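# Secondary and tertiary structure notes
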Amino acid sequence: TYVTEFPEDLDWGYGLDLGFENSYTALVKVAIKGNNLYIKEMFFELGLNARKICDRFELLGIGKRDEIVADRQNKDTISMLRDEYGYNIIECTKGQNSVADQSNILKDMVIHIEENSKNVYRQISSYQYIVLRGLVTNQPVKANDDAVDAMRYIAIHKLTKINYGVYTPKVV
């Protein structure tokens, strides 16, 4: 469902999916209350390096202490944003089957998308799972998922912090 305003009074954080050459860099703001997941798209752009991401952070008023959980596949960019620019950015938790496991956890949540978050809405609406021999698997199709991945990074981080021990990801 769409919401007109993001609930700023809740404990929130940012998820960052770092794009490569032909994929988008997506930053989303996420808050969780009970079984409700609130999402706000902050930016969704092609061709951003660490300096440009930092510029977007500054433009949006993202503070150096704000919690940011990012895709761990681009360690150089994460290190630069943390060590050179001073942002509170950590790597997301990933492991064997983590995308499927984490996606299954989020499937049970009621998702509320801030009304100006068009790319988030588009990607969530088109999110699909692999079908084998006519059966839907728990493995997501890896395409057009930049904003969804960013949402998943911070949401799982928040859920594991709030409900310690409920979900323990395997780290490879």
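As a reminder, the structure under discussion sits directly above these lines.
So, here's what we can say about the structure. (Residues numbered from 1 in each chain as written. Predicted model: local features only at pLDDT ≥ 70, side-chain atom pairs only at ≥ 80, totals over all residues. Heavy atoms only, no water.)

This brings us to the overall build of the protein. The helix and strand tally for the protein stands at five helices and nine strands. For the protein, the α and β elements follow one another from N to C terminus as β-β-β-β-α-β-α-β-α-β-α-β-β-α. Taking all 172 residues of the protein together, the buried fraction comes to 45%. Within the protein, counting contacts between residues at least 6 apart in sequence, those at least 24 apart form 59% of the total. As presented, the protein carries roughly 9300 Å² of accessible surface, and 50% of it is formed by carbon and sulfur atoms. (Helix = DSSP H or I, 4+ residues; strand = E, 2+ residues; numbered from the N terminus. Buried < 20%, exposed > 50% of the residue type's maximum accessible area, 1.4 Å probe, protein only. Contact = heavy atoms within 4.5 Å. Areas by Shrake-Rupley, 256 points an atom, 1.4 Å probe, with all protein chains shown as cover.)

Tracing the sequence through the fold places L37 in strand 4 (residues 36-45). Remark: the alpha-carbon pair of L37 and V110, spanning 73 residues in sequence, is separated by 6.0 Å. With residues up to four places along the chain from it excluded, the contact list for L37 reads V30, A31, I32, M109, V110, I111, H112, M151 and A155.

This paragraph deals with the nonpolar core. Counting 22 residues, the largest nonpolar core has V28, V30, I32, L37, I39, L106 and M151 as the members making the most contacts within it. Elements supplying a minimum of two residues to this core: strand 3 (25-33), strand 4 and helix 5 (146-162). With nine residues, helix 5 is the single largest residue contributor to this core. (Core = buried A, V, L, I, M, F, W, Y, C linked by side-chain atoms within 4.5 Å.)

With that settled, the discussion passes to helix 2 (residues 75-84). Side chains of residues three or four places apart in an α-helix project in the same direction, reflecting 3.6 residues per turn. For helix 2, every residue scored as buried is listed here: T77, I78 and L81. With its buried residues spanning 100 degrees around the axis, helix 2 presents them on a single face. Facing away from the buried side of helix 2, by more than 90 degrees, are the exposed residues D76, D83 and E84. Positioned one or two residues after helix 2, G86 has a phi angle of 80 degrees, which is positive. (Arc of directions from axis to C-beta.)

Let's shift gears to helix 1 (residues 50-60). Taken together, the buried positions of helix 1 are A50, I53, C54 and F57. All buried residues of helix 1 project into a common sector of 100 degrees when viewed along the axis, lining one side. The opening residue of helix 1 is N49, an N-cap whose side-chain oxygen sits 3.2 Å from the backbone nitrogen of R51. Directly after helix 1, the chain includes G61, whose backbone phi takes a positive value near 75 degrees. (Polar contact = N/O pair within 3.5 Å; in protein donor to acceptor, adjacent residues only side chain to side chain.)

The description of an aromatic ring pair rests on the distance of the ring centres and on the angle between the ring planes. A full pass over the atoms with the stated rule returns five aromatic pairs. With a centroid separation of 5.4 Å and an interplanar angle of 70 degrees, the aromatic rings of W12 and Y14 are classed as edge-to-face. Owing to a relative accessible area of 23%, W12 belongs among the partly exposed residues under this scheme. Here a set of aromatic residues connected by ring pairs shows up, and it is made of F43, F57 and Y87. Sitting above the plane of the W12 ring, K29 keeps its charged end 4.0 Å from the centroid. The ring of Y87 has K64 lying over it, and the distance from NZ or CZ to the ring centre is 4.5 Å. (Phe/Tyr/Trp six-rings, centres within 6.5 Å; stacked < 30°, edge-to-face > 60°. Lys NZ or Arg CZ within 6 Å of the ring centre and 35° of its normal.)

Summarising the element assignment, C54 is placed in helix 1. You can call C54 buried: its relative accessible area is 0%. Remark: the alpha-carbon pair of C54 and M80, spanning 26 residues in sequence, is separated by 9.6 Å. Once residues within four sequence positions are removed from consideration, C54 is found in contact with L81, Y85 and Y87.

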